[in-house]
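For reference, the chains in residue letters:
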Amino acid sequence: MKVLKFGGTSVGSVKSILSVKRIVEREAKKQPVIVVVSALGGITDKLLATAQLALKGDEEWRAAYSEMVDRHHTIIDTIITDTQAREKLFSKVDALLEQLRSIYFGVFLIHDLSEKTQNAIVSYGERISSQIVATLIRGSQWLDSREFIKTEFKNKKNMLDMELSNKLVRDAFAELPRVSLVPGFISTDRDTGEITNLGRGGSDYTAAIIAGALDAEVLEIWTDVDGFMTADPRVIKTAYTINELSYVEAMELCNFGAKVVYPPTIYPVLIKDIPIMVKNTFNPDGTGTIIKKEIENDSKPIKGISSISGTTLITVTGLSMVGVIGVNRRIFTALANNGISVFLVSQASSENSTSIGVRDADAQEAVRVLNEEFAKEIVTGAMFPMSAESGLATVAIVGENMKHTPGIAGKLFGTLGRSGISVIACAQGASETNISFVVDGKSLRKSLNVLHDSFFLSEYKVLNLFICGVGTVGGMLIEQIKSQYEDLKNRRRLKLNVVGIASSKNAIYNRDGLDLDNFREQLKQSEKSNAQLIKETIIGMNMFNSVFVDCTASKEIAEIYQPLLNSNVSVVAANKIAASSDYENYLSLKRTALKRGVLFRFETNVGAGLPIIGTINDLRNSGDKISKIEAVLSGTLNFIFNEISADVPFSEAVRRAKESGYSEPDPRIDLSGTDVVRKLVILTREAGYKVETGDVEKHLFVPDDYFEGSVDDFWKKLPALDADFEARRKQLESEGKRWRFVATMQQGNTQVALQEVDRNSPFYNLEGSNNIVLLTSERYKEYPMQIQGYGAGAEVTAAGVFANIMSIANI
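To start, this report covers the structure provided alongside it. As the structure is a prediction and not an experimental result, all values here were calculated from the model.

**Structural notes on the pairing of strand 5 (residues 157–160)**
Both strand 4 (residues 150–154) and strand 5 contribute to a ladder of 4 bridges, which runs antiparallel. Bridge pairing in strand 5 links K154 to K157. Adjacent in sequence and paired antiparallel, strand 4 and strand 5 are bridged by 2 residues, among which N155 carries a positive phi angle near 45 degrees.

What follows is the structure, given as structure tokens:
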């Protein structure tokens, strides 16, 4: 024998009710079934709302009541095709609806709504829906659950009388028809016979009570989801169905917000070792979730993550609590006597404070009750008045295998810390099945996402990218991400989710990821933006595993790195401004990243995609000390000096560098040596020396007046230098030498200069836009380490930025 329970969504529409009919008739061919149904979806809320209208004397109660009548009539007219059966059902249902109308009218007249009357009102939802389903499924027998589900009034609540209910259930079902139809949720008081109920979600409980009393083979809960999910799918897009759970795991998830099964449901079947099967009415062939005593071949330490929003944390504190026996007893007794449920307790080992978690709706009453309980101690100063902090959320990670896996708590709090999420209180029982913690409500979504990702509950690890700058480098980066997207998902189980793209004037955002095929069109149609708005939006979105990628040369954008790092957003910068800014700012960015557990990467600041900065860091981290750096760091200038020939004057070489995408948009930045100075400063700092850009000694090759005025003025004047450069070039050629703009650091002293190098120099044969760096250190004294390759160009720079992003993904 099976017990099948169908929730409100399962009987909420014509389509779903007909699905219920097919499921029940299929099962009834195999064995007797008992079917428990809820009210039509949304009707219970409508019943209560209409009662409130009547209580206020609002004539709108009549219209609300008529809507409920029409809905039930429409369902009956549509699904009951047999005329005689339909008329008989209408007679029963209309009689019940008329009783309901009379009760509403009474409430309207006397402006009173007692708990007794409200319980009677909400009972009509299940009483009517069960009659409809019983008529639809031919041959089924309707039984009134008020006759065998009994409650008693305890601690201001109607509590199940388990012993009496079990006896009455066995008597009622002594003979089992093929299909028994039972209204869920409703019950009666064992002493007075008045209508009561088992609480919202109580239809699950009704089914479990019957299953337990009759030793059913299985209890099936049919709902509108495929089963228990690893997390709330409305928040975690990658959440998936859990195939198997233990009773304990299911109970923990239910108690902490997973609304798949009403929490009390589990106990009546647990003690009889009856499995619970959670299935989807709209996907009846789906696997679902089975809940049973023991799970075989279960290796995952974490099964799921659940949460309760609307949490208030009440702290009971005072020096008189230390070593005093009975304080906690008084706290929980006082709350229980007033019907207030506590779902989290956290106590300091010093015993001078205890924090309890309650729902926001109970917070005010809980504070009042506890202040009354400890009124004498508060007056004497032995204890302080209760403090309550609302707007919080409670998160629980659940899994029985946690007790066999060291380091889960460490990983949990480390993951939250690196994501900038502060834990306000935490609790873990000795069973190690549940670790619960309280966070600011605004951090709930981020907490769930980062934990789901971190504990491998997600199919993919996700990085959420905000890309600023869509010029040559930024545009190429987006193309590279797009082309590698599927390969990284399949090969690395990594999803690069581009959630924000900003140009110099506009920005677009989407938490679920942007369409990279038409982002430029979206940008054109988006609202104006700036650095401040970009910063506020990113911080406001508060997304987990966030990475800000700066592919601009903007000072304003560089200035938002600090607040982003402070908000636990990693930064990848092709922009050199921040790393070459004031030394204290550079140091602050590095320290903030370290403190916050995020990363500040800027490998492409020097050498485009060449591993220069990473190599310097590796040398220093392994104990080496760098004493000298010699480098050609400007791919642009190297390109220019390699292009100059008898046929290509200096001005034309500069123009070609710009047209080829090697130079900055304003080539004067390259020609002034500013770019090389910044790069040298960055390398020197990474090598462990304190240096400012103003400390670099400069020997330049273009007169200062060429850097004044507009870019157009510069281009007009530039050909005037051609003759001098050509004369000097001929002289160099005759001597077998070439020009190279060389950056040098020795023991912290820095210089950039245009040098003439001969064939013996490693710089002599440097081609195109290549860069070269020589590192002299304690280990590499006689033969410096040499790093050489493309040092400019959108493709290699974008690839270097991509590599930095991947380095964050690898952590």
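**Side note on the environment of V711**
Topologically, V711 is positioned in helix 26 (residues 711–717). Here V711 falls in the partly exposed class, since its relative accessible area comes to 28%. For the pair V711 and A427, spaced 284 residues apart in the sequence, the C-alpha separation amounts to 64 Å. Dropping the residues within four chain positions of it, V711 is found in contact with D666 and R668.

**Comments concerning the pattern of salt bridges**
By the definition in use, this model includes 44 salt bridges. Here E630 makes a salt bridge to K628, at a shortest N to O gap of 3.8 Å. With relative accessibility at 22%, the residue E630 sits in the partly exposed group.

**Regarding unusual backbone geometry**
Apart from glycine, the bulk of residues carry a negative phi angle, and the bulk of peptide bonds sit in the trans form. A positive phi angle, close to 55 degrees, is found at R493, a residue other than glycine. Along the chain, R493 turns up in the loop between helix 15 (472–492) and strand 20 (494–502).

**Concerning the pairing of strand 27 (residues 738–746)**
Most of strand 27 sits inside the fold, with 7 of its 9 residues counted as buried. Note: strand 25 (residues 626–632) against strand 27, 4 bridges, orientation antiparallel. In the sheet register, A631 faces strand 27, and the bridge partner there is A743. Sheet topology note: the strand 27/strand 28 (residues 749–757) ladder contains 9 bridges and is antiparallel.

**Observations concerning the packing of aromatic side chains**
Within this structure, the stated rule accounts for 21 aromatic pairs. For the ring pair F105 and F108, a centre distance of 6.5 Å and an interplane angle of 20 degrees mean the geometry is stacked. Linking F105 with F108, this pair stays in helix 4 (residues 83–110), spanning 3 residues, or about one helical turn. Relative to F701, the ring of F650 lies with its centre 6.5 Å away and its plane at 90 degrees, an arrangement referred to as edge-to-face. Taken as a pair, F650 in helix 23 (residues 650–659) and F701 in the loop between strand 26 (697–699) and helix 26 lie far apart in primary sequence, 51 residues in all. Comparing F650 with F701, the two get one shared label, buried.

**Quick look at the nonpolar core**
Within soluble globular proteins, side chains that are nonpolar tend to cluster in buried spots. The biggest cluster of nonpolar side chains holds 81 residues, and the ones touching the most others in it are F548, Y561, I629, F650 and F701. The greatest single-element share of this core, amounting to 6 residues, is contributed by helix 25 (residues 674–686). The residues touching F548, leaving out its near neighbours within four places in the chain, are F466, C468, I534, I538, I557, I560, Y561, L564, V569, S570, V571 and V572. In terms of nonpolar packing, the next biggest core, distinct from the first, is built from 49 residues, M1, L198, A208 and L253 among them.

**Comments concerning the packing of helix 2 (residues 43–55) against helix 4**
At a minimum axis distance of 7 Å, the contact between helix 2 and helix 4 shows a crossing angle of 35 degrees. As for the relative orientation of helix 2 and helix 4, their crossing is right-handed in sense. Contacts between helix 2 and helix 4 involve K46, L47, T50, A51, A54 and L55 from the first element and L100, Y104, V107 and F108 from the second. The class makeup of the residues in the contact of helix 2 with helix 4 is 8 nonpolar, 1 polar and 1 charged.

**A short note on the side chain of S140**
By the secondary structure assignment, S140 is in the loop between helix 5 (115–136) and strand 3 (141–142). Given the relative accessible area of 17%, S140 is considered buried. Of note is the side chain of S140, whose polar atom sits 2.8 Å from the backbone oxygen of I137. Other than its neighbours up to four places away in sequence, S140 contacts A134 and V179.

**What about the sheet that holds strand 5?**
Strand order in the open sheet formed by 4 strands is 5-4-7-8, with mixed pairing between adjacent strands. For this open sheet the edge positions go to strand 5 and strand 8 (195–197), each flanked by a neighbour on one side alone. Recorded for the sheet is a direction-independent mean angle of 55 degrees between the axes of neighbouring strands.

Conventions adopted
Residues numbered from 1 in each chain as written. Predicted model: local features only at pLDDT ≥ 70, side-chain atom pairs only at ≥ 80, totals over all residues. Heavy atoms only, no water. Pairing = 2+ DSSP bridges. Helix = DSSP H or I, 4+ residues; strand = E, 2+ residues; numbered from the N terminus. Buried < 20%, exposed > 50% of the residue type's maximum accessible area, 1.4 Å probe, protein only. Contact = heavy atoms within 4.5 Å. Salt bridge = Lys/Arg side-chain N within 4 Å of Asp/Glu carboxyl O. Phe/Tyr/Trp six-rings, centres within 6.5 Å; stacked < 30°, edge-to-face > 60°. Core = buried A, V, L, I, M, F, W, Y, C linked by side-chain atoms within 4.5 Å. Axes fitted to C-alpha atoms, helices over the stretch in contact; angles between N-to-C directions. Left-handed = near helix turned anticlockwise from the far one by under 90°. Nonpolar A, V, L, I, M, F, W, Y, C, P; charged D, E, K, R; others polar. Polar contact = N/O pair within 3.5 Å; in protein donor to acceptor, adjacent residues only side chain to side chain.

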